Amino acid sequence: MEPDLATFDRLAAPYDRGMALLERLWLRQLRARLLPEARGTTLEIGVGTGANFPFYPPSVHLTALDESAGMLAEAVRRASALNRHVAFSQGNAERLAFRSGSFDTVIGSLVLCSVVHLEAVLSELHRVLRRPGGRLLLLEHMRPWLRPLDRLADLLNGPWYALNGRCHLNRNTETAVAGAGFCILQVESRLGGLFRSIVAEVA
């Protein structure tokens, strides 16, 4: 097993406890505002422990993908507790095993900070969304636009990445989404742009 996946597996059980404060302060509110935008056949990449599940509309037909078997196991438990039908798949978002135009909506939350090749993942998400009108919904942390938080993110990124081996504190994710051919329709931010929810669309 690759070391980074082993790390995600170890973090799976305590992950929700570690995120509880951020969820109460900002993330839960952003999820509650963003996830009702999902519609139709929906793919969530980097599903983690399934924190988004309570916020999906009942009409959504959800497929959930993650690299980590440990995270998927936690997500399966959450879906069962919510009596929510979810099709689970273990895999890498850089090489999605789905036909082009398969999904009406693709979701990612706190995942694009950790993918190895951001542009490759965004290209795959663009490919599997139906066109025109397929929607990309993101809830991510990224390089803030507010000073001095932007410079602090740059300073801390090296030590933070050395510690965890995957997560970047200063990715310009919003810019990358626009550069991947998505039309950004809406952005909501917290903490000077550190946390942002993005609604984008395939033209």
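Up top is the structure these notes are about.
Our subject in this report is the structure included herewith. No experiment lies behind these values; they were computed from the predicted model shown.

Moving on, we get to the pairing of strand β5 (residues 135–141). By the criterion of burial, β5 is predominantly enclosed, with seven of the seven residues buried. Residues of β5 alternate between two faces, with Arg-135, Leu-137, Leu-139 and His-141 on one and Leu-136, Leu-138 and Glu-140 on the opposite face, all of them buried. Sheet topology places strand β4 (residues 105–109) next to β5; five bridges connect them, and they run parallel. Looking at β5, one finds that Ser-109 is bridged to Leu-139. In the classification by handedness, the crossover that spans β4, the intervening helix α5 (residues 118–128) and the parallel β5 is right-handed.

Turning to the nonpolar core, a few remarks are in order. Ranked by internal contacts, the top residues of the largest apolar core, which has 25 residues, are Leu-43, Ile-45, Val-106, Leu-112, Leu-125, Leu-136 and Phe-182. Secondary structure elements with two or more residues in this core: β1 (41–45), α5, β5, α7 (173–179) and β7 (195–202). The greatest single-element share of this core, amounting to five residues, is contributed by α5. Among all residues touching Val-106, those that are not within four sequence positions of it are Leu-43, Leu-125, Val-128, Leu-129, Arg-135, Leu-136 and Leu-137.

About the cut-offs
- Residues numbered from 1 in each chain as written.
- Predicted model: local features only at pLDDT ≥ 70, side-chain atom pairs only at ≥ 80, totals over all residues.
- Heavy atoms only, no water.
- Buried < 20%, exposed > 50% of the residue type's maximum accessible area, 1.4 Å probe, protein only.
- Helix = DSSP H or I, 4+ residues; strand = E, 2+ residues; numbered from the N terminus.
- Pairing = 2+ DSSP bridges.
- Right-handed = clockwise from strand over helix to strand, strands pointing away.
- Core = buried A, V, L, I, M, F, W, Y, C linked by side-chain atoms within 4.5 Å.
- Contact = heavy atoms within 4.5 Å.

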